[in-house]
Amino acid sequence: MLVKKIKLEDDSWYNLKLDIPKFTGSIYSNRFTLTIVVSRAWVPKEVGFNNDTRELGVRVGEYRFID
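Residues numbered from 1 in each chain as written. Predicted model: local features only at pLDDT ≥ 70, side-chain atom pairs only at ≥ 80, totals over all residues. Heavy atoms only, no water.

Draft legend 1. Seen up close, the overall build of the protein chain. Broken down by element type, the protein chain carries 0 helices and 0 strands. In the protein chain, which comprises 67 residues, the share counted as buried stands at 4%. Within the protein chain, contacts between residues separated by at least 24 positions form 11% of all contacts whose residues are at least 6 apart in sequence. Summed over all atoms, the accessible surface of the protein chain reaches about 7,300 Å², with 49% contributed by carbon and sulfur. (Helix = DSSP H or I, 4+ residues; strand = E, 2+ residues; numbered from the N terminus. Buried < 20%, exposed > 50% of the residue type's maximum accessible area, 1.4 Å probe, protein only. Contact = heavy atoms within 4.5 Å. Areas by Shrake-Rupley, 256 points an atom, 1.4 Å probe, with all protein chains shown as cover.)

Dropping the structure here:
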């Protein structure tokens, strides 16, 4: 089930809040899957960030769960 679709169109930092629906009565109510799909990648080593040569699509700086 798609909860929200967000389009990131530039290289800015975004603060996003996703409301996860409560599936009461389900044995999986405390689990969810976050899927990130990208159309272009970047390599940290090529931009001088660190020596990581993997192709990355999105950098997640911080995540937290709030009630």
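Draft legend 2. Spatial organisation of the packing of aromatic side chains. Here the structure, examined in full by the defined rule, presents 1 aromatic pair. Measuring from ring centre to ring centre gives 6.3 Å for Trp-42 and Phe-49, while their planes differ by 75°; the resulting arrangement is edge-to-face. Accessibility expressed as a relative area gives 47% for Phe-49, which makes it partly exposed. (Phe/Tyr/Trp six-rings, centres within 6.5 Å; stacked < 30°, edge-to-face > 60°.)

Draft legend 3. Structural context of the environment of Leu-8. Under the relative-accessibility criterion, Leu-8 is labelled partly exposed at 40%. Leu-8 sits 50 residues away from Val-58 along the chain, and the two C-alpha atoms are 9.6 Å apart. In this view, Leu-8 contacts Tyr-14 and Leu-16; residues no more than four positions away in its chain are not counted.

Draft legend 4. Quick look at the environment of Ala-41. Of the residues examined, Ala-41 reaches a relative accessible area of 46% and is grouped as partly exposed. Here the alpha-carbon distance between Ala-41 and Gly-57, two residues 16 residues apart in the chain, equals 4.4 Å. Each residue touching Ala-41, except ones within four places of it in the same chain, is listed here: Glu-55, Leu-56 and Gly-57.

Fair warning: the whole summary comes from geometry, so function is off the table for now.
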